[in-house]
Every structure is written in C-alpha cells, then in structure tokens.
Amino acid sequence: MWGGRFAAGPDAIMEAINASIGFDRRMAAQDIEGSRAHAAMLAAQGIIEPKDAQAIREGLLTILSEIEGGPFEFSTALEDIHMNVEARLKDLIGAPAGRLHTGRSRNDQVATDFKLWVRDQLDAADQGLLALLRALLAQAEAGAEWVMPGFTHLQVAQPVTWGHHMMAYVEMFARDRSRMQDARRRMNECPLGAAALAGTSFPIDREATAQALGFDRPAANSLDAVSDRDFALEYLAAASICAMHLSRLAEELVIWSSAQFRFVTLSDRFSTGSSIMPQKKNPDAAELIRAKIGRIFGANVALMTVMKGLPLAYSKDMQEDKEQVFDAADNLMLALAAMEGMVRDMAANRDSLEAAAATGFSTATDLADWLVRVLGMPFREAHHVTGSLVAMAEGKGCDLPDLTLEDMQSVHSAIRDEVFEVLGVHNSVASRISYGGTAPVRVREQVARWKEILG
C-alpha cells in the first residue's frame, strides 16, 4: 500500500494498532456506493476510460455481493475497508482497479463513507421514533380521560390524565425526531473530491458525485471536509438526548409496574422471570434500556475528547471516531425498538390509577382555586386556608373530600357546600382546560393534532 517509501513492513503491534478493518467493515456498502459514484464521475469527465469505469462498477457489485453473502475474506494487513475492497477489486478486474483512486484520497473517502453511514442511522432513528410516537399516541387516545396522579418530587401533586402523561412523552420524542432531521439536513454535504486535504488537480465534477450519493451539495472547503466529524458528534448529541428521554420513561415503567404502584402491566414479551422466585415478573427490558443509555452518553464524550485537540486537517486519531458511534447507534435502535414494543403492549390499570389519583390531597390546589374564584380570597390567603384543611384531614386520617362542611367552616366560615364539587379528581382534570392542560378535551385535541402531523 505504501509504495516505494518504506523498505520494511510494519511491526505486528503497529499493524494491530493501525488496522480498523475489525470495525469499519460495517461501512462496506457505503464504501462501494461512494466508489461507484466516483468511478462514474471519472468516466463522465474523461479522466478514465468508460470501459475501465464499467469494469470497476461491475467488480464493486461483485464485491458487495461477496461481503453480504459471507465468503469475502477481510485482511488486517490491508488495514481498512477501503483497501480491502480495492485489493479485491484488483483481483477481480486487474489493472483498471488501480484507476479508481484517481482524484481522491482515503481521507475524503472515509469521511464520505462515514457520513453516508451516519445519515442512514439518522434515517433509521427517525423511523424508530415515529413508531414509538404512534404507540404513545395510541395509549394517549385510549386513556384520554383516565385519571391518575401527577407528581412533582415523586410526591402526589395534582390529578392528571393518563392520556396527558403519554402526550408529554410524545412531545419529548417528537423533539428528538426533529433533532435527528435537523442534523441530517446540516450534515448533507459531500466530502468526496476534497482528496487528502487540498482538493485535486484533476477536472472532477463534485456536484455530480454529491448528487449521485444523495447529498445536497459538495462540502465547500477541502480542509474542513476531511477533518469534520461534527456530523457524528451531532448524531451522538441527538442520540444522547433521545436516550435520556428513553431512560426517563423506562424509569417510570419500572416504578409503575411494581406491586406498590400497579399502574401498568407489562406484557410477557418484554418481561422476564426469576430463577428462584416463581412469582416474579421483572421489567428487564426497561431496566436494560435505562442502563444502555450510559454507553450512548459515553460515546458522545469519547468522540468529543478525540476531536478536541486535533489540528487541521486529518490525523490518525480520527480512526477512533467509529467504534463508539457504531455502538451508540446499535444501542439506540435497540432501545427504541424495545420501548416501542413495551409501550404498544402495556396495559394501564385504570382502577389503580384512579385510586392513586385521589390520594395525597391531590385536589388541594382545586380547593385553593375555588376559594379565590368563588370567595374572592387572595391566593396567598387561600393557600394558607387550604394548608390548614390539609393538616386537619391528615390529623383525622382522611382525604379532603372526606371532611365535613362543618370541619371546613371551622377554618373559614364562608366556605359553602358547593366546594365539594371541585374536590373530585374527575372534576379536577376536567377543569384544566387551558391550552396544553390535562382536561380530556385538550388531550384529544393534541392527539388529533399529532396524528395529523405524523400522517
């Protein structure tokens, strides 16, 4: 590979640390796609003969079928996927294979391959998120009026609806999908033709190769084109935020499926048992999602660390850009698929949700609002009166609706019997009609809006 510059081959340790074929073989399809586009452009520009370009393209398709079918033999001595493909191409078609690398370098070649691979992952994540959003919408629509406790600090705060809670995750994962789409738009510039770092003296047509590979345009600066890994970093950043959202939902599913909560029942398809305790049904899929997220976060930090001190343009450090991205992508897609399956299959336990919603003085804010709205009391005074009534109910071992009118009037004489109309959890959620609120009518509006957006 190195031609006449070196008199001896590399030490075995050098060969081991230098080789990337063990992991970058995953970019074989992208490498061959880029090479076919490059060969077609070289022929169109009269840089190589059409017959050589045809032989190259046919040979590359043969190699792709060999790699996908399994008989292809990868060589560590050839370092990476690019040289493994080129060496096999020479075996197949002879001298024309040597013309393929005209007007390009491995630097722009690997940048192009990696961009194509990351672009595919952004598209895959987009579809995975779409499936999860639809599963959440189905849950929200089914439970638009089912009451449940809303929490702050994991303490009962106010009643909400199951549909409203599910729609909160729709908003989160929709932002994740938007980030994936936004990153794809920004990264869709083609590095091919930047060569090693300075461009090439051959009359290449970079617009043609960019178009052939589905890019919007060629990258405008050759130095930046070969040294840029922002596209991978943006993917990891978007994946990390998405992973954080997955972990939050996974944590709730772990809590909700416990015997102490019984808010949801997870399907057998996404649960496991115990080797010793026959009664156990463990939410292992949710727990593993929660754990795998650390690998995605780690990949983001690792690549930022690799890139932080590199001068322009290409440095061999950048070979360390792929393994963590590959691992993060694998784990993100697995987590998305597992979460979509759990959400699609899980059953919300409506009775348990409603019983829990009525505990913890969850309608205390409704009482305070009634004091302001009906009696004209300043909110701070209403807050104090309500707090006194909560303390009274706590002392009696009951909830607010269980207090008598006389109990309430002992704290404030102006309270009337109609106050009990606002203390029920169904009345509470129905009253939250502000835009974005938990009222069933608002939940159904948001479900309809998102179903139209998602198509």
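To start, this report covers the structure provided alongside it. All residue numbers refer to positions counted from 1 along the written sequence of the respective chain. Where totals are concerned, whole chains, interfaces and linings use all residues; where local detail is concerned, this predicted model gives features only for residues with pLDDT of at least 70, and gives and counts side-chain atom pairs only at 80 or more. The side-chain numbers reported here are obtained from all heavy atoms of the structure, hydrogens and water having been left aside.

1. A closer look at the overall build of the protein chain
Condition: Secondary structure elements follow DSSP: runs of H or I of four or more residues count as helices, runs of E of two or more count as strands, with numbering from the N terminus. The globule rule used for comparison is 2.2 Å times the number of residues to the exponent 0.38, while the radius of gyration itself is calculated over C-alpha atoms. Think of it in three bands: with a 1.4 Å probe and only protein chains considered, a residue is buried below 20% of the maximum accessible area for its type, exposed above 50%, and partly exposed in between. The method behind every accessible area is Shrake-Rupley, applied with a 1.4 Å probe, and residues are considered shielded solely by the protein chains displayed. The positive count covers Lys and Arg only, the negative count covers Asp and Glu only, and His and the chain ends enter neither. The atom standing in for a charge is NZ when the residue is Lys, CZ when it is Arg, CG when it is Asp and CD when it is Glu.
Along its length, the protein chain carries 18 helices and 6 strands. Computed over its C-alpha atoms, the radius of gyration of the protein chain comes to 30 Å, more than 25% above the 23 Å expected for a compact globule of 455 residues. Over its C-alpha atoms, taken along the principal directions, the protein chain stretches across nearly 100 × 55 × 40 Å. Evaluated residue by residue, the protein chain yields a buried proportion of 49% over its 455 residues. In the form shown here, the protein chain has an accessible surface area of approximately 21200 Å², with 53% of it arising from carbon and sulfur atoms. Mean positive and mean negative side-chain charge positions of the protein chain (45 and 61 charges, respectively) differ by 2 Å.

2. Structural notes on the packing of aromatic side chains
Basically, it comes down to this: For Phe, Tyr and Trp, where Trp contributes only its six-membered ring, two rings pair if their centres lie within 6.5 Å, and the inter-plane angle classes them as stacked under 30 degrees, edge-to-face over 60, or tilted in between.
All chains considered together, the criterion is met by 9 aromatic pairs. Ring centres of Trp-256 and Phe-263 lie 6.4 Å apart, and the angle between their planes is 45°; on these two criteria the pair is classed as tilted. Given a relative accessible area of 3%, Trp-256 falls into the buried group. Residue Phe-263 is classed as buried on the basis of its relative accessible area of 2%. Counting every residue linked through ring pairs, the aromatic cluster contains Phe-151, Trp-162, Trp-256, Phe-261 and Phe-263.

3. Concerning the pattern of salt bridges
Threshold: Whenever Lys or Arg places a side-chain nitrogen within 4 Å of a carboxyl oxygen from Asp or Glu, that contact is recorded as a salt bridge.
Applying the stated rule across the entire model yields 30 salt bridges. The closest approach of N and O atoms between Glu-171 and Arg-449, which form a salt bridge, is 3.3 Å. One end of the pair, Glu-171, is in helix H7 (residues 162–187); the other, Arg-449, is in helix H18 (residues 440–454), and 278 residues separate them in sequence. Between Asp-369 and Arg-432 there is a salt bridge, and its shortest N-O distance comes to 3.4 Å. Of the two residues, Asp-369 sits in helix H14 (residues 364–375) while Arg-432 sits in the loop between helix H17 (425–431) and H18, which places them 63 residues apart along the sequence. On the basis of relative accessible area, Asp-369 is assigned to the partly exposed category, the value being 23%. In the salt-bridge network here, residues are joined through shared partners; they are Glu-79, Asp-80, Arg-106 and Lys-316.

4. Observations regarding a nonpolar patch on the surface
The criterion, for reference: For patches, a residue must show more than 30% relative accessible area and have no salt bridge; joins then use 9 Å for like charges and 5 Å for nonpolar side chains, namely Val, Leu, Ile, Met, Phe, Trp and Tyr.
On the surface, Leu-197, Leu-223 and Leu-312 cluster together into a nonpolar patch covering about 270 Å² of accessible area. By the secondary structure assignment, Leu-223 is in helix H9 (residues 222–227). Given the relative accessible area of 32%, Leu-223 is considered partly exposed.

5. Observations concerning the nonpolar core
So the rule is basically this: The definition of a nonpolar core used throughout is a set of buried Ala, Val, Leu, Ile, Met, Phe, Trp, Tyr and Cys residues joined through side-chain atoms within 4.5 Å. Contact criterion: two residues are considered in contact whenever any of their non-hydrogen atoms come within 4.5 Å of each other.
Ranked by internal contacts, the top residues of the largest apolar core, which has 78 residues, are Trp-162, Phe-173, Tyr-235, Leu-246, Leu-332 and Met-339. Elements that contribute at least two residues to this core include exactly helix H6 (106–142), H7, helix H10 (230–256), helix H11 (284–307), helix H12 (323–345), helix H13 (350–357) and H18. Here this core gets 15 residues from one element, more than from any other, and that element is H10. Excluding anything up to four places from it in sequence, Met-339 contacts Leu-132, Leu-246, Leu-249, Ala-250, Leu-253 and Ile-289.

6. Remarks on helix H15 (residues 379–396)
Put simply, the rule is: Expected helix span is computed as 1.5 Å times (number of residues minus one). This arc is built from the directions going out from the helix axis to the C-beta atoms.
Compared with the 26 Å implied by 1.5 Å per residue over 18 residues, the 25 Å span of H15 between its first and last C-alpha is a close match. For H15, the full list of buried residues reads Ala-382, Val-385, Thr-386, Leu-389, Val-390 and Ala-393. The buried residues of H15 all sit within an arc of 145° when viewed along its axis, so they share a single face. Away from its buried face, by an angle of more than 90 degrees, H15 presents the exposed residues Arg-380, His-384, Glu-394 and Gly-395. Where H15 ends, the next residue or the one after it, Gly-397, has phi of about 70°, a positive value.

7. Notes on unusual backbone geometry
Of note, the bond from Leu-312 into Ala-313 is cis; its omega dihedral lies within 30 degrees of zero at 5°. Here Ala-313 shows up in the loop between H11 and H12. Despite not being glycine, Arg-262 has its phi angle at roughly 55°, a positive value. Its location among the elements puts Arg-262 in the loop between H10 and strand E5 (264–265).

8. Describing the pairing of strand E2 (residues 155–161)
To keep it simple, the criterion reads: A pair of strands is labelled paired if DSSP reports no fewer than 2 bridges between them.
Note: strand E1 (residues 147–152) against E2, 6 bridges, orientation antiparallel. What sits directly across from Pro-149, in E2, is Pro-159. Linking E1 to E2, which pair antiparallel, is a turn of 2 residues; within it His-153 sits at a positive phi near 60°.

9. A few points about the environment of Phe-173
Topologically, Phe-173 is positioned in helix H7. When sequence neighbours within four positions are dropped, the list of residues in contact with Phe-173 reads Leu-129, Leu-132, Leu-133, Leu-136, Cys-242, His-245, Leu-246 and Leu-249.

10. Topic: helix H4 (residues 50–69)
What sets the pattern is the α-helix's 3.6 residues per turn: residues three or four places apart point alike. Across its 20 residues, H4 extends 28 Å between first and last C-alpha, which sits within 8% of the 28 Å expected from 1.5 Å per residue. Those residues of H4 that sit buried are Asp-52, Ala-53, Ile-56, Gly-59, Leu-60, Ile-63, Leu-64, Glu-66 and Ile-67. Buried residues in H4, looked at end-on, bunch into an arc of 160°, giving them a common side. Across from the buried face of H4, at angles greater than 90 degrees, the exposed residues are Pro-50, Lys-51, Glu-68 and Gly-69. Against helix H3 (28–44) and helix H5 (81–93) lie the buried residues of H4.

11. Observations regarding the side chain of Ser-428
In plain terms, the rule: We define a polar contact as two N or O atoms separated by no more than 3.5 Å, with the added condition that, inside protein, one atom must be a possible hydrogen donor and the other a possible acceptor, whereas residues neighbouring each other in sequence contribute only through side-chain atom pairs.
By the secondary structure assignment, Ser-428 is in helix H17. A distance of 2.8 Å separates the side chain of Ser-428 from the side chain of Asp-366, its partner in a polar contact. Setting aside chain neighbours within four positions, we find Ser-428 in contact with Pro-159, Thr-363 and Asp-366.

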